[in-house]
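# Residue-level structure breakdown
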Amino acid sequence: MHILVSNDDGYNARGLEALVEALRDLAEITVVAPEVNHSGASNSLTLTRPLAVRHAPNGFIYVNGTPSDCVHIAMTGLLGVRPDLVVSGINNGANMGDDTLYSGTVAAAAEGYLFGVPSLAFSLVDKGWAHLETAVDAARRLVAHQLAQPAGGAVLLNVNVPNLPLDQLRGMRATRLGKRHPSQPVIPASTPYGETVYWIGPAGAANDASSGTDFDAIEQGYVSVTPLRLDLTDQARLGHITQWVGHLCA
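About the criteria used
- Residues numbered from 1 in each chain as written.
- Predicted model: local features only at pLDDT ≥ 70, side-chain atom pairs only at ≥ 80, totals over all residues.
- Heavy atoms only, no water.
- Core = buried A, V, L, I, M, F, W, Y, C linked by side-chain atoms within 4.5 Å.
- Buried < 20%, exposed > 50% of the residue type's maximum accessible area, 1.4 Å probe, protein only.
- Helix = DSSP H or I, 4+ residues; strand = E, 2+ residues; numbered from the N terminus.
- Contact = heavy atoms within 4.5 Å.
- Pairing = 2+ DSSP bridges.
- Axes fitted to C-alpha atoms, helices over the stretch in contact; angles between N-to-C directions.
- Lys, Arg positive; Asp, Glu negative; His and termini not counted.
- Salt bridge = Lys/Arg side-chain N within 4 Å of Asp/Glu carboxyl O.
- Polar contact = N/O pair within 3.5 Å; in protein donor to acceptor, adjacent residues only side chain to side chain.

### Let's talk about the nonpolar core
Across soluble globular proteins, nonpolar side chains show a tendency to be buried alongside one another. Ile3 and Phe122 are the most contacted members of the largest nonpolar core, which has 38 residues in total. Elements supplying a minimum of two residues to this core: strand E1 (2-6), helix H1 (14-23), strand E2 (28-34), strand E5 (85-92), strand E6 (119-124), helix H5 (132-148), strand E7 (156-161) and strand E13 (222-228). Per-element tally for this core: the top contributor is H5, with eight residues. When near neighbours in sequence (up to four residues on either side) are disregarded, Phe122 contacts Val87, Ser88, Gly89, Ile90, Asn91, Thr105, Ala138, Ala139, Leu142, Val143 and Val159. Residues Leu4, Ala74, Met75 and Ala108 belong to the second largest nonpolar core, which totals 13 residues.

### Side note on the sheet that holds E1
Taken together, nine strands build an open sheet; the order of strands is E3-E4-E2-E1-E5-E6-E7-E13-E8 and the sheet is mixed. Each edge of the open sheet carries a strand with a single partner, namely strand E3 (53-55) and strand E8 (171-174). Neighbour-to-neighbour, the strand axes of the sheet open up by a mean angle of 25°, direction not taken into account. Alignment of E1 against E5, held across four bridges, turns out to be parallel. Across the sheet, residue Ile3 finds its bridge partner in E5, namely Leu85. Contacts from H5 reach E1, E5, E6, E7, E8 and E13, with the element oriented near 165° to E6.

### Notes on the side chain of Asp8
With respect to the helices and strands, Asp8 occurs in the loop between E1 and H1. Salt bridges are absent for the buried Asp8, whose nearest opposite-charge side chain, Lys127, sits at 7.9 Å. Side-chain polar atoms of Asp8 contact the side chain of Thr105, separated by 3.1 Å. Dropping the residues within four chain positions of it, Asp8 is found in contact with Pro34, Val36, Asn37, His38, Ser39, Gly40, Pro67, Asn91, Gly104 and Thr105.

Written out as C-alpha cells, the structure reads:
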C-alpha cells in the first residue's frame, strides 16, 4: 500500500509531521507538500511559472506551489506510481460548511479524488494544536479502516476533529456540511508608505448548525466525517434553467 500525504500549512507544519508519524507503519508514505502556508488557496493550480520540487532532510518533498499543485504533479509524473490513498492534513483549524470551498487542505484531497483515488482531508477544529493527539488518533483509525475495508470507489471525505482529550471524544458521525453566516468585514490597515491595504476578515459564525451537520457533530464532541462530491450542478434548478434558456431560442 502507498499513501500520498499533503497539506496546506506547509511541509514543516506540526500537523503534517504528526500525521505522517502516525501512518508510517500502515503503508509506504510519500509526502509532497507546499513550501509555505497556502491556507485558503482552494483548488488553484499554478499555470504562470514552473514549479520547483525540493527534498527536505526528513525525506519530505516540498513544492513552491499550492496544495493542488503538489498532488497534481505527484499524480502526473513525480511519483511514477499511482498511490492507493491520498491524505491531507492535519490542518491547523476547521474546514466545515462553506470553508470547504476555500480550503487548501480539502483541495489537496480533492485533487487526488479527481484522479480517481480515495482521498481524506483532516482538520483540527481550533487553531493552536491543542489535543493534536486526538486528531492523530482519529486520522490513523480512519486511514487504517479505509485500507482494510474501503468505503467503495473514489471517495472524498472531509474530517474535522474537536479539540478534546481523547478520553472525552464521543465517537464519529457521518455528517452533511453546515453553513456559515457571511464573512466578517475586511480589516483596513496602512503600509509605511500610506497606502491602504485590507486583511480578509474572519469567517462567519455558523448559520446552519442543525442536527446532522458537521457543526453540530463537533459541538456534541464527535469527529465529523463528511462525504464530498465535486459536481456543482444545481440539479433542482436545471429544469427551470432549461426552460429559461429555451425562451432565447423561441
